[in-house]
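Remarks on the overall topology
So you can see what is in the structure, the chains are spelled out below.
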Amino acid sequence: MVSFLESLVVMGFVFIVVFAILAFIKKFFASVTVYEYERGVKFHHGAFQEIVGPGKHKYSPSSTEIMVFDMRPTILQLNGQELLTADHLSVKISVAVKYQITDPQVLISEYEDYEEHVYMNVQLKLRDVVSSLELDDLLGKRNEVNDSLQQLLVEKSFAGLSILSVDIKDIMLSAELKKAFLEVIKAKKEAQSSLERARGEAATLRSLANTAKMLENNPELAKLRLIKTIENAKGNTFVIDMVNGNHSTKEQSNE
């Protein structure tokens, strides 16, 4: 029994020693793996030391820190941003911004939270663009709005990253505004249809007037037209009035 207790004590002591050794190693020795699409920013005693590339890097956590950044393009989503247009109408806009880290050392030195910084700036620039446009222009010129927003963000010149593209994904209107727009579109289509109909009627009247004037000025054409009409008629009798040089006709049905 005593021997068994002594064995337990020894095993407990060994476990404590091993745990202490592992804790010591973890405190003074560590490693990090940087992948091909990543870069690491290495600090030693709080001061920037170097940019580390792909590979496994060993360091001492007590004096050194390696912060790893993904260098691939990243999509930042801004969903349902409620904004006012130049004509004081409320819309909700969702935007996707693609950006890429270009210098992680500058990025970490300039911003405490670079993602939040980009998010806030996109919000502000989007508000500037939308507030300068009326709703019709916002809905009809989405590509121009994308370009304007991207230009403002590029001019902002974020330190350590670049804006690759800006895309307005969705523009949402309130139910009342949607109804009003549908009524406007319907009215425009009806007005356009009436205009086209009026243009067609005017063109027909002009054609008839031109034909009448041509026949009046060219009697021979009137005779040719009369002959053509008679040729095309089937089963009808034509009475030709030749009095006083007039060549009028009356069509009578034989049925």
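Fair warning: this is a prediction, and the values are worked out from it, not measured in the lab.

Re the overall build of the chain
Across its full length, the chain holds seven helices and ten strands. In the chain, which comprises 255 residues, the share counted as buried stands at 22%. Surface exposure of the chain reaches about 17,900 Å², of which carbon and sulfur atoms provide 56%.

Side note on the pattern of salt bridges
With the rule as written, the count across this model stands at three salt bridges. The partner of D70 in a salt bridge is R72, with the nearest N and O atoms 2.7 Å apart. Given the relative accessible area of 29%, D70 is considered partly exposed. What makes R72 partly exposed here is its relative accessible area of 41%. In this structure, the salt-bridge partner of K141 is D137, at a minimum N-O distance of 3.9 Å. Relative accessible area serves as the criterion here: at 41%, K141 is assigned to the partly exposed category. Given a relative accessible area of 29%, D137 falls into the partly exposed group.

Considerations on the sheet that holds strand β5 (residues 64-70)
Within a beta sheet, neighbouring strands are joined by backbone hydrogen bonds and run either parallel or antiparallel to one another. Pairing is antiparallel across the open sheet formed by three strands, whose spatial order is β3-β2-β5. Strand pairing shows two members of the sheet lacking a second neighbour, β3 (47-52) and β5, which therefore form its edges. Neighbouring strand axes in the sheet, compared pairwise and without regard to direction, differ in orientation by 25° on average. Where strand β2 (residues 38-44) and β3 come together, five bridges link them in antiparallel fashion. Residue pairing across strands places V41 opposite I51, the latter belonging to β3.

Considerations on the side chain of S63
By secondary structure assignment, the location of S63 is in the loop between β4 (55-59) and β5. Here the side chain of S63 touches T64 through a polar contact of 3.4 Å, side chain to side chain. Excluding residues that lie within four positions of it along the chain, S63 makes contacts with F43, H44 and H45.

Some remarks on the confidence of the model for the chain
When pLDDT is averaged across the chain, the result is 79; 69% of the residues are at 70 or more. Mean pLDDT values over the elements of the chain span from 49, in strand β10 (residues 248-253), up to 94, in β2.

A short note on helix α5 (residues 142-156)
Between its first and last C-alpha, α5 extends 21 Å over 15 residues, near the 21 Å set by a 1.5 Å rise per residue. The complete set of buried residues in α5 reads V145, N146, L149 and L153. An end-on view of α5 places all buried positions within 100° of arc, on one side of the element. Of the residues in α5, the exposed ones pointing more than 90 degrees away from the buried face are N143, D147 and E155. Contacts from the buried residues of α5 go to β7 (90-101), α3 (114-131), α4 (135-140) and β8 (161-172). Phi for S157, located one or two positions after α5, is positive at around 55°.

Some thoughts on the sheet that holds β7
Ordered in space as β6-β7-β8, the three strands form an open sheet in which the pairing is antiparallel. The outermost strands of the open sheet, each flanked by one partner alone, are β6 (74-84) and β8. Each strand axis lies, on average, 20° off the axis of its neighbour in the sheet, ignoring direction. Here nine bridges tie β6 to β7, and the two strands are oriented antiparallel to one another. Across the sheet, residue L84 finds its bridge partner in β7, namely S90. Each of β7 and β8 is contacted by α5, which is oriented at about 145° to β8, the strand it contacts most.

Some thoughts on the packing of aromatic side chains
Under the definition given, this model contains three aromatic pairs. Summarising the aromatic geometry, the rings of F69 and Y114 are spaced 6.4 Å apart at their centres and angled 45° between planes, so their arrangement reads as tilted. Here F69 is found in strand β5, whereas its partner Y114 is found in helix α3, with 45 residues between them in sequence. Note on accessibility: F69 and Y114 belong to one class, buried.

So, how was this worked out
- Throughout this document, residue positions are counted from 1 along each chain, in the order its sequence is written.
- Local features in this predicted model are restricted to residues whose pLDDT is 70 or higher, and side-chain atom pairs enter the listing and the counts only when it is 80 or higher, whereas totals over whole chains, interfaces and linings include all residues.
- For side-chain calculations, the full set of non-hydrogen atoms in the structure is used, while hydrogens and water are omitted.
- Per the convention used, a helix needs a DSSP run of H or I reaching at least four residues, while a strand needs a run of E reaching at least two, with both numbered from the N terminus.
- Think of it in three bands: with a 1.4 Å probe and only protein chains considered, a residue is buried below 20% of the maximum accessible area for its type, exposed above 50%, and partly exposed in between.
- In short, Shrake-Rupley with a 1.4 Å probe defines the accessible areas, and a residue's cover is counted only from the protein chains shown.
- Each reported salt bridge corresponds to a side-chain nitrogen of Lys or Arg within 4 Å of a carboxyl oxygen of Asp or Glu.
- For two strands to be treated as a pair, DSSP must find at least two bridges joining them.
- To get an axis, a line is fitted to the C-alpha atoms, and for a helix only the part in contact is used. The angle between two axes follows their N-to-C directions and goes from 0 to 180 degrees.
- Two N or O atoms count as a polar contact when they lie within 3.5 Å, although within protein this holds only if one can serve as hydrogen donor and the other as acceptor, and sequence-adjacent residues are included solely when both atoms are side-chain atoms.
- Here, two residues are considered to be in contact whenever any of their heavy atoms come within 4.5 Å of each other.
- Each residue carries a pLDDT value, the predictor's own confidence for that position, ranging from 0 to 100.
- Take the residue count of a helix, subtract one, and multiply by 1.5 Å to get its expected span.
- Throughout, the arc means that of the directions going from the helix axis to the C-beta atoms.
- Think of it this way: a Phe, Tyr or Trp ring, Trp meaning its six-membered ring, pairs with another when their centres are within 6.5 Å, and the plane angle makes it stacked under 30 degrees, edge-to-face over 60, tilted otherwise.

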